[in-house]
Amino acid sequence: MQDKDDPLRKCGDTFTLLPVTAWQLMSLPVPGVPLYRHCVPRTPVQLKQHVLDSPLVREAVAASVAAAPDMTLEAVQRDASVIVEAMGHAMSLPSLRLTAFMLGKALHRIYKDIVINTAGLRAVREAVKDRPVLLLPTHRSYMDFLVLSYVFFVAGVPLPAIAAGQDFQSMAVVGTLLRQCGAFFMRRSAGKDKLYWAVFSAYVQALVSNGDAPVEFFVEGTRSRTGKSLPPKTGLLSLALRPYFERTAADVALFPIAISYHERMEAHLYVSEMLGQPKPKESTTKLLSGALAVVRHNHGRLRVHIDETPISIHTEAGGGIHGGAGCTGGGGG
């Protein structure tokens, strides 16, 4: 990336997001946004086909056929295709620009200012060049889903693929927009559906090992109603780290991220839920009606702090795993 194109070039310790005009958005993302050096560029459609062709999914398909003699191979393969189609992201630059424009307008109306530590943004931008990156933000608000994507889009940092609950997928318009902004959808629970877990595991591992994009997910699993961090749920994290331990990635960098709100816009809902009322089901109608109420009130400041020194899994493992893309050992380049 040329210095003149770098949105962070004139920033000090913090990067303050200012409203972006439609004309400015047409020039984003900035030229030269870095990619993982071992990444083989591919479209979302090619990614899905790669997943279906993976040994993990092929073995699960064969096992499903063997366990149910009345099922044909073609029928199980169709089931796997349906699963990955429902799951996969469809990141689209026109949709990203449209969403960034609308989200930017809303964010700057809802919050007094939005500030991010510049060193953290630079650290992510440098890390993605050499290794796959996992983004692990805190989860306090629905706004968390798109805050990082908007910040990265404007700051010239590679956009993440975001793990989202399948309940968002069924929301009219919103589900499609989230998918086109990089969201991939996961079931809250898949029980004993081994085919689903094989497809989901292969999808996450394909994203990480090829470094298509930083992968963002919430380790807490759900939003904290109290504002305090919840105990981590390590299932998705263990899946995302498997490429390192299976030697298809030389290292994986983890970036803990704190997203802090002066006032969370769902505060009144959290009070109701903590008093025993059931969580309302997500719907586009409720989202729009809630949004109208939210934009009438300023919610103070929004702060994003990205850890400037990522956690290196290779270092944490004592450098004991060798091989994979980018290694200097047996499988290296």
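Residues numbered from 1 in each chain as written. Predicted model: local features only at pLDDT ≥ 70, side-chain atom pairs only at ≥ 80, totals over all residues. Heavy atoms only, no water.

Peer 1: If you had to explain the overall build of the chain to someone new, which residues and values would you point to?
Peer 2: A count of helices and strands for the chain gives 14 helices and nine strands. Burial status across the chain gives 49% buried among its 333 residues. Residue pairs in contact within the chain that sit at least 24 positions apart in sequence constitute 80% of those at least 6 positions apart. Total accessible area computed for the chain in this model is approximately 16200 Å², and 59% of it derives from carbon and sulfur atoms. (Helix = DSSP H or I, 4+ residues; strand = E, 2+ residues; numbered from the N terminus. Buried < 20%, exposed > 50% of the residue type's maximum accessible area, 1.4 Å probe, protein only. Contact = heavy atoms within 4.5 Å. Areas by Shrake-Rupley, 256 points an atom, 1.4 Å probe, with all protein chains shown as cover.)

Peer 1: Just give me the short version of the side chain of glutamate 216, but keep the residues and values in it.
Peer 2: By secondary structure assignment, the location of glutamate 216 is in strand 6 (residues 215-216). Comment: no salt bridge for buried glutamate 216; closest opposite-charge side chain is arginine 140, at 12 Å. Discounting residues that sit within four places of it in the chain, glutamate 216 has contacts with Leu135, Pro137, Asp144, Phe145, Leu148, Pro160, Ala161, Ile162 and Ala163. (Lys, Arg positive; Asp, Glu negative; His and termini not counted. Salt bridge = Lys/Arg side-chain N within 4 Å of Asp/Glu carboxyl O.)

Peer 1: So, the packing of aromatic side chains: which residues are in play, and what are the values?
Peer 2: Counting across every chain of the model gives seven aromatic pairs. Taken together, a centroid distance of 5.9 Å and an interplanar angle of 40° make the contact between tyrosine 111 and tyrosine 261 tilted. With tyrosine 111 in the loop between helix 5 (93-110) and strand 2 (113-117) and tyrosine 261 in strand 7 (residues 253-261), this pair connects stretches of sequence that are 150 residues apart. By relative accessible area, which is 13% here, tyrosine 261 ends up buried. An angle of 5° between the planes, with centres 6.2 Å apart, marks the rings of tyrosine 196 and phenylalanine 200 as stacked. Of this pair, tyrosine 196 and phenylalanine 200 both sit in helix 10 (residues 194-210), four residues apart, which is roughly one turn of that helix. Given the relative accessible area of 1%, phenylalanine 200 is considered buried. An aromatic cluster is present here, built from Phe184, Tyr196, Trp197, Phe200 and Tyr203 joined pairwise through their rings. (Phe/Tyr/Trp six-rings, centres within 6.5 Å; stacked < 30°, edge-to-face > 60°.)

Peer 1: Provide a residue-level description of the pairing of strand 1 (residues 14-17), including the pertinent values.
Peer 2: Note on strand geometry: in a regular strand, side chains alternate between the two faces of the sheet. Across the two faces of strand 1 the burial differs, with Phe15 and Leu17 buried and Thr14 and Thr16 not buried at all. As paired elements, strand 1 and strand 2 share four bridges and run antiparallel to each other. Bridge assignment links threonine 16 to a residue of strand 2, and that residue is valine 115. (Pairing = 2+ DSSP bridges.)

Peer 1: An account of the side chain of aspartate 144 is requested, with residue identities and associated values reported.
Peer 2: Relative to the helices and strands, aspartate 144 is located in helix 7 (residues 144-155). One buried charged residue, aspartate 144, remains without a salt bridge, the closest side chain of opposite sign being arginine 140 at 6.5 Å. One polar contact links the side chain of aspartate 144 to the main-chain amide nitrogen of arginine 140, over a distance of 2.6 Å. The residues touching aspartate 144, leaving out its near neighbours within four places in the chain, are Thr138, His139, Glu216, Phe218, Ile259 and Tyr261. (Polar contact = N/O pair within 3.5 Å; in protein donor to acceptor, adjacent residues only side chain to side chain.)

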